[in-house]
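Structure assessment
Letter by letter, the chains look like this.
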Amino acid sequence: MAELVLRSARVVTPGGTRAASVTVADGVITAVLPYDAPVPDGTRLEDLGDDVLLPGLVDTHVHVNDPGRTEWEGFWSATRAAAAGGITTLIDMPLNSLPPTTTVDHLHTKRRVAAGQAHIDVGFWGGALPGNVKDLRPLHEAGVFGFKAFLSPSGVDEFPPLDQEQLARSLAEIAAFDGLLVVHAEDPHRLAAAPRQGGPKYADFLASRPRDAEDTAVAHLVARAGRLGARVHVLHLSSCDALPLIAAARAEGVRVTAETCPHYLTLTAEEVPDGACEFKCCPPIREAANQDLLWQALADGTIDCVVTDHSPCTADLKTGDFATAWGGISGLQLSLPAVWTEARGRGYGLEDVVRWMATRTAGLAGLDDRKGAIAPGRDADFAVLAPDAAFTVDPAALQHRNHVTAYAGRTLYGVVKSTWLRGERVFHGGEFTEPKGRILTRSP
């Protein structure tokens with residue numbers, strides 16, 4: 001039985017890209033049939049022609065900032081931007097909102113704020129802070145997807161970092177219920193020892209966030225995870241020097257995964273103009289040679305997935321001084337075309353992009369029984385992409401609340417024509433439906 005059939009000459013499935021008809025009933029994919037399979041009487045047919053049908057992307061690293069810093073971003077604007085970029089599921093990070101998601105009561109507050117505003121499905125990470133070990137199991141039981149921790153200052157006072165002793169206590173508690181700890185891995189001692197001076201020069205900022213700060217933090221993290229048998233995930237990896245550490249830890253049986261971000265894969269330190277603080281993020285955008293090795297690590301599986309780390313702010317916080325400007329790249333709507341533009345130039349295909357940005361991210365969040373693939377039994381979440389169509393990024397045309405982006409003026413390939421959530425088209429031709437997203441909880 002089917003209520004809807006989406007037909008395309010190019011459908012990206014777990015078995016490869018092929019011409020197919022995808023049938024949907026009750027918001028779920030029921031079958032992936034040959035392209036010319038007959039359409040039952042009374043069933044709606046959407047013929048997509050040569051546009052590519054992808055599974056809706058799953059972005060597991062988004063800072064929505066709502067409530068408390070809604071002038072930076074909010075669920076309404078963030079989920080519209082996501083839908084316009086082919087993302088159908090996001091997992092919200094626990095910081096930059098007030099309150100942070102560090103107790104069950106705070107989680108309930110976040111869910112109440114998101115409900116009714118979400119144009120796509122939304123889930124939540126919990127936070128691991130000094131002194132909240134007692135809150136970790138209750139948050140897990142309430143359905144968060146895992147826990148975020150910083151090993152160096154986060155940039156906001158209400159979300160302090162864990163020192164090594166606090167990390168050990170939090171990780172031991174999380175390991176006891178086989179939860180997941182996702183970590184901003186920069187070593188505070190290495191950062192403190194690095195050259196520090198303010199001003200507009202990007203080279204000075206880059207020197208203040210050296211690779212060895214990441215490398216040292218990753219080494220400590222995987223060593224502790226190995227001793228405890230814990231699951232850990234390295235967030236927004238930018239240092240290629242940490243890759244052998246991750247590969248070696250996995251070979252020894254440590255349960256460690258890693259992600260990187262579109263800005264590390266598409267932007268380089270050499271092209272960042274002085275004073276252009278829209279490019280500031282932590283860890284920083286590094287050199288082209290470093291970027292090449294990140295792509296190689298994606299290809300060989302050392303890096304598992306690509307997520308945005310969408311971390312917006314108001315324009316006034318992007319001062320011309322790299323020492324004082326807010327650190328974060330705003331790129332939720334542009335992540336798919338940015339990655340696809342660079343990937344196609346390096347010889348990768350859309351199947352690779354789907355693996356990095358949908359299948360593996362769904363797996364990271366434990367949503368791979370529902371999301372991340374065009375296969376029977378999965379939610380009928382889709383992005384329809386014209387992969388060879390190009391556009392120039394106009395910040396004013398973005399759905400983000402603040403039109404500040406490091407991608408301004410860049411020509412990108414891949415226009416998202418429409419986005420579907422559980423068999424309903426929620427974005428098409430620049431227009432949105434009313435919010436239809438659900439609040440997600442971790443699968444038991």
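Attention in this report is confined to the structure presented alongside it. Keep in mind that what you see is a predicted model, and the values were worked out from it rather than measured.

The final tally for this structure, using the stated rule, is 11 aromatic pairs. Aromatic pair Y202 and F322: ring centres 5.3 Å apart, planes at 70°, arrangement edge-to-face. With Y202 in helix α6 (residues 202-208) and F322 in the loop between β14 (305-306) and α11 (335-345), this pair connects stretches of sequence that are 120 residues apart. The burial state of Y202 is the same as that of F322; both residues are buried. The interplanar angle of 45° and the centroid separation of 5.0 Å between the aromatic rings of F427 and F432 together place this pair among those described as tilted.

Moving on: unusual backbone geometry. A cis amide bond, omega 5°, links D66 with the succeeding residue P67. Relative to the assigned elements, P67 resides in the loop between β6 (57-62) and α1 (75-84). Cis rather than trans, the peptide bond between L98 and P99 has omega equal to 10°. Inspection of the secondary structure puts P99 in the loop between β7 (87-92) and α2 (104-114). Even without glycine at this site, D26 takes up a positive phi of about 55°. One non-glycine residue, H236, lies in positive phi territory at about 30°. The residue H236 is located in the loop between β12 (231-234) and α8 (243-251) in this model. Judged by relative accessible area, which is 2%, H236 ranks as buried.

Where helix α7 (residues 211-228) contacts α8, the axes come no closer than 9 Å and their chain directions differ by 10°. Here α7 is positioned roughly parallel relative to α8, judged by the angle of their axes. Residue-level contacts link D215, V218, A219 and V222 of α7 to L245, I246 and A249 of α8.

Further remarks concern the sheet that holds strand β11 (residues 180-184). What the 6 strands build is an open sheet, ordered β9-β10-β11-β12-β13-β14; its pairing is parallel. Edge positions in the sheet fall to β9 (126-127) and β14, since each has one partner strand and no second. Two strands pair when backbone bridges link them, and β9 and strand β10 (residues 147-150) are joined in this way by 2 bridges, in the parallel orientation. Within β10, the position partnered with G126 by the bridge is F147. Against the sheet, α7 engages β11, β12 and β13 (255-260), with an angle of about 165° to β12.

We now examine the pattern of salt bridges. A full pass over the atoms with the stated rule returns 28 salt bridges. Of the charged contacts, one joins D212 and R190 as a salt bridge, the two residues approaching to 3.6 Å between their closest N and O atoms. A residue pair is termed long-range when its members are at least 10 positions apart, and D212 in helix α7 and R190 in helix α5 (residues 188-193) qualify at 22 residues. Members of the salt-bridge network, linked through shared partners, are D121, K371, D379, D381 and R422.

On to the nonpolar core. In this structure, L54, F147, L181, Y202, V234, V256 and I285 are the most contacted members of the largest nonpolar core, which totals 101 residues. Setting aside its immediate chain neighbours within four residues, Y202 contacts A269, V272, D274, P284, I285 and F322. L95, L129, F159 and L180 belong to the second-largest nonpolar core, a separate cluster that totals 21 residues.

Glancing now at the side chain of H236. One polar contact links H236 to H184, side chain to side chain, over a distance of 3.0 Å. Contacts of H236, omitting those with residues within four sequence positions, involve H61, H184, E214, E259, T260, C261, Y264, C282, P283 and D309.

Along helix α3 (residues 133-141), the residues that are buried comprise D135, L136, L139 and H140. In a view along the axis of α3, the buried residues occupy a sector of 135°, so they form one face of it. Turned more than 90 degrees from where α3 packs its buried face, K134 and E141 sit exposed. Summarising the contacts, the buried residues of α3 are in contact with α2, β9, β10 and α4 (164-176). Phi turns positive one or two residues past the end of α3, at G143, with a value near 105°.

Here we come to the sheet that holds β7. On the basis of which strands lie adjacent, the open sheet formed by 3 strands has the order β6-β7-β8 and parallel pairing. Strands with a single pairing partner mark the edges of an open sheet, and in this sheet they are β6 and β8 (121-124). Strand-to-strand twist of the sheet, defined as the mean angle between neighbouring strand axes without regard to direction, takes the value 20°. Bridging between β7 and β8 involves 4 bridges; their strand directions are parallel. Residue pairing across strands places L90 opposite V122, the latter belonging to β8. Contacting β7 and β8, α1 crosses the sheet at an angle of about 140° to β7.

Moving on, we get to empty space enclosed by the protein. This model, assessed by the stated rule, comprises 4 cavities of 30 Å³ or more. Space inside the largest cavity adds up to approximately 60 Å³. Among the residues forming the lining of the largest cavity, the class breakdown is 5 nonpolar, 4 polar and 2 charged. Of the volumes computed, that of the second largest cavity is approximately 40 Å³. Every residue along the wall of the second largest cavity is listed here: L57, V58, D59, I87, V306, V307, T308, S335 and M357. Tallying contributions element by element places β6 first for the lining of the second largest cavity, with 3 residues. Among the residues making up the lining of the second largest cavity, the classes are represented as 6 nonpolar, 2 polar and 1 charged.

Cut-offs used in this document
- Residues numbered from 1 in each chain as written.
- Predicted model: local features only at pLDDT ≥ 70, side-chain atom pairs only at ≥ 80, totals over all residues.
- Heavy atoms only, no water.
- Phe/Tyr/Trp six-rings, centres within 6.5 Å; stacked < 30°, edge-to-face > 60°.
- Helix = DSSP H or I, 4+ residues; strand = E, 2+ residues; numbered from the N terminus.
- Buried < 20%, exposed > 50% of the residue type's maximum accessible area, 1.4 Å probe, protein only.
- Axes fitted to C-alpha atoms, helices over the stretch in contact; angles between N-to-C directions.
- Parallel < 35°, antiparallel > 145°, perpendicular 65-115°, else oblique.
- Contact = heavy atoms within 4.5 Å.
- Pairing = 2+ DSSP bridges.
- Salt bridge = Lys/Arg side-chain N within 4 Å of Asp/Glu carboxyl O.
- Core = buried A, V, L, I, M, F, W, Y, C linked by side-chain atoms within 4.5 Å.
- Polar contact = N/O pair within 3.5 Å; in protein donor to acceptor, adjacent residues only side chain to side chain.
- Arc of directions from axis to C-beta.
- 1 Å grid on protein atoms, 1.4 Å probe; cavity = no way out; pocket = protein on both sides within 12 Å on 5 of 7 lines; lining within 4 Å.
- Points joined across faces, edges and corners; volume = space filled by probe spheres on them.
- Nonpolar A, V, L, I, M, F, W, Y, C, P; charged D, E, K, R; others polar.

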